[in-house]
Every structure is written in C-alpha cells, then in structure tokens.
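# Per-entry structural report
Residues per chain, in single letters:
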Amino acid sequence: MNVSIELLEFPLYIKNKILRIKNITKLNIKYIAGKNIVFKNSNLGLHEPHKIFISNGKEGIILLNYDNDSNVYNENLTRAITMNELTHLVNKLLKK
C-alpha cells in the first residue's frame, strides 16, 4: 500500500497563546507539528494532531491541537483546556 505523509505547519497563533502565560519561558516547551497521512488508492486517511510538551525536567504535560482548531486539548482528548486551566497547570509545574 502506498502512503503519503504531509507535514503540517505548527500554528503560530497557538504558540503565541501559550507564550502569553506568565513565566512559561522558565519551562521546557517543545512543539511538534502534526501530519496528514493518506493511504493512496483508498478513502482512508489519518490526521495526527500537533503536540505541545511542557515540562520542568521532572514532570510535564502534553497538549494536543488539531489544524484549524483554536482549542488545546488534554492528552486523551476528553476535553478542551482553557487558558485559565493551562495557566494553573503551568504554575504547578513551576512550583515543583
């Protein structure tokens, strides 16, 4: 089976949204762009979300974002994370 993988550009507005959180630059932040995976000669495809890893070296959080979506989701995609919740999580990481 022939597979095509298209790397997506990480959305700048999500980076800017995250970098507005006070003192977040004291933590390690890694942005990984998502991918569109298409199986040629079929109607199947996968959309891998963008990933954001934020850690203090000991503990961390993983956030997911889909292309053309302004929301950031928790690791298991059960709910969107608000900026207030994200600020709270970042502050907990900074205290540890």
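Residues numbered from 1 in each chain as written. Predicted model: local features only at pLDDT ≥ 70, side-chain atom pairs only at ≥ 80, totals over all residues. Heavy atoms only, no water.

Helix and strand counts for the chain stand at two helices and eight strands. Along the chain, helices (α) and strands (β) appear in the sequence β-α-β-β-β-β-β-β-β-α when read from the amino end. Considering only C-alpha atoms, the chain reaches an extent of 50 × 25 × 25 Å along its principal axes. Counting over 96 residues, the chain shows a buried share of 27%. Of the contacts formed within the chain by residues at least 6 apart in sequence, a portion of 51% connects residues at least 24 apart. Accessible area for the chain stands at about 6500 Å²; split by element, carbon and sulfur atoms hold 50% of it. One finds the centroid of the 14 positive side-chain charges in the chain at a distance of 10 Å from the centroid of its 8 negative side-chain charges. (Helix = DSSP H or I, 4+ residues; strand = E, 2+ residues; numbered from the N terminus. Buried < 20%, exposed > 50% of the residue type's maximum accessible area, 1.4 Å probe, protein only. Contact = heavy atoms within 4.5 Å. Areas by Shrake-Rupley, 256 points an atom, 1.4 Å probe, with all protein chains shown as cover. Lys, Arg positive; Asp, Glu negative; His and termini not counted. Charge placed at Lys NZ, Arg CZ, Asp CG, Glu CD.)

Moving on to the side chain of Asn65. Mapping Asn65 onto the fold places it in strand β6 (residues 60-65). For Asn65, the side chain forms a polar contact with the main-chain oxygen of Asn71, separated by 2.8 Å. (Polar contact = N/O pair within 3.5 Å; in protein donor to acceptor, adjacent residues only side chain to side chain.)

What follows is about a nonpolar patch on the surface. A cluster of nonpolar side chains, namely Met1, Val3, Ile5 and Leu7, defines an oily patch on the protein surface of about 480 Å² accessible area. In this fold, Leu7 is placed in strand β1 (residues 3-7). Exposure remark for Leu7: the relative accessible area of 62% places this residue in the exposed category. (Patch = residues over 30% accessible without salt bridge, like charges linked within 9 Å, V, L, I, M, F, W, Y side chains within 5 Å. Salt bridge = Lys/Arg side-chain N within 4 Å of Asp/Glu carboxyl O.)

Across the sheet, three strands lie side by side as β1-β3-β4; this open sheet has antiparallel pairing. Of all strands in the sheet, those with a lone pairing partner are β1 and β4 (45-48), marking the two edges. The average undirected angle you get between the axes of adjacent strands in this sheet is 10°. Strand direction decides the pairing type here: strand β3 (residues 35-39) and β4, joined by four bridges, are antiparallel. The residue bridging Val38 from the neighbouring strand is Gly45, located in β4. (Pairing = 2+ DSSP bridges. Axes fitted to C-alpha atoms, helices over the stretch in contact; angles between N-to-C directions.)

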